[in-house]
Amino acid sequence: MPTYKLTYFDVRGYAEPARILFHLAGVPFEDKRITHESGDWEKMKDKTPFGKIPVLSVDGFEIPQSAAITRYLAKKFGYAGKIPEEQAWADAIVDQFKDFISSFSQLLMAQRTGKPAEEVARIASEVAMPARDAFFKIIDGILEKSKSGFLVGDSLTFADIVIVENVTTLEKNQFFTASEHPKIVALREKIYSIPAIKKWVETRPDTQF
């Protein structure tokens, strides 16, 4: 069996779907977590493939970018979709998530960099909230048509994991109201009730992001 090492900050964030896939598949891995206070990130940044984390090392072979890592593990462990068409839809949903996060992150960056309150409010009302609402409309629409309760086909794919983890983060930061999206809440309950995932979710570090 290959030796896996997943390097990311000490938060759920973009690495959490990969962590969940490891626990779901019962595959051991080194969960290397970096704190901002340690100064380790500054020392290793230039040594990473793209100057970003997460990075997955497979017997020393490094794979950058969270979506690439998650797709790679999903394919190895059997959670990428049963047929090419399902795989394409799982990819499409995660790509749509990335489009949403690209817009939504403008609000987080404005808050973190100390932009004036008026500018933060403008970005929230004109960019972030419309992007969030459009994204939830898409996911709600997919679930409305689903006969299985999963986003793709009749079984779990990495798309389900990516979406429910994002919803958890949004909820922790007051950007998701459960009562407004019962089908998304039902999806999360469905995914988090899978025994291996349930065990991990109950014992993992509880972080805001």
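Residues numbered from 1 in each chain as written. Predicted model: local features only at pLDDT ≥ 70, side-chain atom pairs only at ≥ 80, totals over all residues. Heavy atoms only, no water.

An unreviewed UniProt entry lists the chain under the name glutathione transferase, with Caenorhabditis brenneri given as the organism. UniProt lists a comment for the chain under the heading Sequence similarities (unreviewed entry), and it reads "Belongs to the GST superfamily. Sigma family." Turning to the chain, the UniProt annotation filed under Catalytic activity (unreviewed entry) states: "RX + glutathione = an S-substituted glutathione + a halide anion + H(+)". (UniProt positions renumbered as here; feature names shortened; annotations may be inferred.)

A.B. asks: Looking at this structure, I do not really get the pattern of salt bridges. What am I missing?
C.D. replies: For side chains bearing opposite charge, pairing can occur when the charged atoms are close. Tallied over the full model, the rule gives 17 salt bridges. Among the salt bridges present, the one from E16 reaches R204, with a minimum N-O distance of 2.9 Å. Taken together, the residues E16 in helix α1 (residues 16-25) and R204 in the segment after α8 (195-203) connect sequence positions 188 residues apart. E16 gets classed as buried once you look at its relative accessible area, which sits at 1%. (Salt bridge = Lys/Arg side-chain N within 4 Å of Asp/Glu carboxyl O. Helix = DSSP H or I, 4+ residues; strand = E, 2+ residues; numbered from the N terminus. Buried < 20%, exposed > 50% of the residue type's maximum accessible area, 1.4 Å probe, protein only.)

A.B. asks: What's the story with the environment of E30 in this structure? I'm lost.
C.D. replies: Mapped onto the secondary structure, E30 falls in strand β2 (residues 30-34). The class for E30 is partly exposed, based on a relative accessible area of 42%. Those residues in contact with E30 that sit more than four places away from it in its chain are Y4, K5 and L6. (Contact = heavy atoms within 4.5 Å.)

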